[in-house]
Amino acid sequence: MNFADRDGVIWFDGEMVPWRDARVHVLTHTLHYGMGVFEGVRAYHAGDKGSCIFKLQEHTDRLFRSAHIMRMEMPYSKEELNEAQRAVVRENNLDEAYLRPMAFLGSEGMGLRADALKTHVIVAAWNWPSYMSPEAKENGIKIRTSSYTRHHVNITMCKAKANGNYINSMLALREALDSGCEEALLLDNEGYVAEGSGENFFMVRDGIIYTPELTSCLDGITRKTIFQLAEDCGYEIREKRITRDEVYVADEAFFTGTAAEVLPIREYDGRIIGEGKRGPVTTILQDLYFKAVKGELPAHTDWLAPVK
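Keep in mind that this is a model prediction, so the values were computed, not measured.

Colleague: Pulling in residues and values, what's your account of the pattern of salt bridges?
Modeller: Within this structure, the stated rule accounts for 18 salt bridges. Linking Lys291 and Asp287 is a salt bridge whose minimum nitrogen-to-oxygen distance equals 3.4 Å. Separated by 4 residues within a single helix, Lys291 and Asp287 lie in helix H8 (residues 280–293), roughly one turn from each other. It is possible to trace a salt-bridge network through shared partners that takes in Asp5, Asp7 and Arg20.

Colleague: Before we move on, can you summarise the layout of surface pockets with the specific residues and values?
Modeller: For the second largest pocket, the calculated volume is near 160 Å³. The wall of the second largest pocket is formed by 17 residues, among which Asp188, Glu190, Thr215, Ser216 and Arg241 lie closest to the centre. Looking at the lining of the second largest pocket residue by residue, the classes come out as 7 nonpolar, 5 polar and 5 charged.

Colleague: Before we move on, can you summarise the packing of helix H6 (residues 221–233) against H8 with the specific residues and values?
Modeller: Running from amino to carboxyl end, H6 crosses H8 at an angle of 110°, the nearest separation of the two axes being 10 Å. What the angle tells us is that H6 and H8 run roughly perpendicular. Crossing geometry of H6 relative to H8 is assigned as right-handed. Contacts from Thr222, Thr225, Ile226, Leu229, Ala230 and Cys233 of H6 reach H8 at Ile284, Leu285, Leu288 and Tyr289.

Colleague: Explain the pairing of strand S14 (residues 252–257) to me, and be specific about the residues and the numbers.
Modeller: Burial runs high along S14: 6 of the 6 residues are buried. By the alternation rule, side chains of S14 split into Glu252, Phe254 and Thr256 and Ala253, Phe255 and Gly257, which are all buried. In this sheet, S14 lies alongside strand S11 (residues 200–205) in antiparallel orientation, the contact comprising 5 bridges. If you follow Met203 over to S14, its bridge partner there is Ala253.

Colleague: Describe in detail unusual backbone geometry, supporting the description with residues and values.
Modeller: Look at Asp206: it is not a glycine, yet its phi comes out positive at around 55°. Following the sequence through the fold, Asp206 ends up in the loop between S11 and strand S12 (208–211). Classification of Asp206 as exposed rests on a relative accessible area of 63%.

Colleague: Which residues make up helix H5 (residues 166–178), and what are the values?
Modeller: Look at H5: 18 Å from first C-alpha to last across 13 residues, which is about the 18 Å you get at 1.5 Å a residue. Taken as a whole, H5 has its buried residues at Asn168, Ser169, Ala172, Glu175 and Ala176. All buried residues of H5 lie within an arc of 135° about the axis, which places them on one face of the element. Among the exposed residues of H5, those oriented more than 90 degrees off its buried face are Ile167, Met170 and Asp178. At the C-terminal side of H5, Gly180 shows a positive phi close to 90°.

The rules we used
Residues numbered from 1 in each chain as written. Predicted model: local features only at pLDDT ≥ 70, side-chain atom pairs only at ≥ 80, totals over all residues. Heavy atoms only, no water. Salt bridge = Lys/Arg side-chain N within 4 Å of Asp/Glu carboxyl O. Helix = DSSP H or I, 4+ residues; strand = E, 2+ residues; numbered from the N terminus. 1 Å grid on protein atoms, 1.4 Å probe; cavity = no way out; pocket = protein on both sides within 12 Å on 5 of 7 lines; lining within 4 Å. Points joined across faces, edges and corners; volume = space filled by probe spheres on them. Nonpolar A, V, L, I, M, F, W, Y, C, P; charged D, E, K, R; others polar. Axes fitted to C-alpha atoms, helices over the stretch in contact; angles between N-to-C directions. Parallel < 35°, antiparallel > 145°, perpendicular 65-115°, else oblique. Left-handed = near helix turned anticlockwise from the far one by under 90°. Contact = heavy atoms within 4.5 Å. Buried < 20%, exposed > 50% of the residue type's maximum accessible area, 1.4 Å probe, protein only. Pairing = 2+ DSSP bridges. Expected span 1.5 Å × (residues − 1). Arc of directions from axis to C-beta.

Read these as spatial facts, not as claims about activity.
See the structure below:
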């Protein structure tokens, strides 16, 4: 799939631009220094509601928080960005879609001072299948501890979903793939479990769900969704520091994220997790999550923003 050579339109600085014409100069500041912020958002077909964007406002709010953290002045309102996201799904005639809003610094200047620069904003949407296969969602994936440490909170801004932060993720994921695994699990600078290359982490032990504290982890929107769905089911979730050997003896483990959705983990560092397949708690939460994004949970239809 060549992302530069496609039909369709992209919202670019307030206008719908033909896909192939959505270009920037090679001296665009963000291309050189990585100072930009983005979101990954999904739209699902939700029955009679048609195409709906899942937790649109939450994603837009986080985009603006990220920009504020990185001292990037947003030239559009949240309402304008919400409408832009709806519009790209509509204009590209997409029933289900992956959306990529991004704010970046332009080519008005160069250098680390980053002064006299303008913030530009794009929103693209396309049909992107699930991050993992249907078999992986049922049987789980094989992961390994990364040799790369997750960002420390005083090294980079961990609560910003910033472009440059994902170099760390790409290195970790490539290492995992090269070793025959499907994902990486990164530890923080003190050796405790942080998150996957692009996912939050959960494990289950004796009926209690555990997840790392939000130190160097991204405050995931799917993570919050799982908190609510677990509460609806009467499960207890505890945020705590988790060691990797605790994960080895967990009953279940899974990742969450907009791209990964709810993804079971069957093996970690050569140790089988639980029964080596999707566990009962993971199954329940995964099923509820997919019902939620499809508009099949009456208690949570407010999570859906209709496109039309």
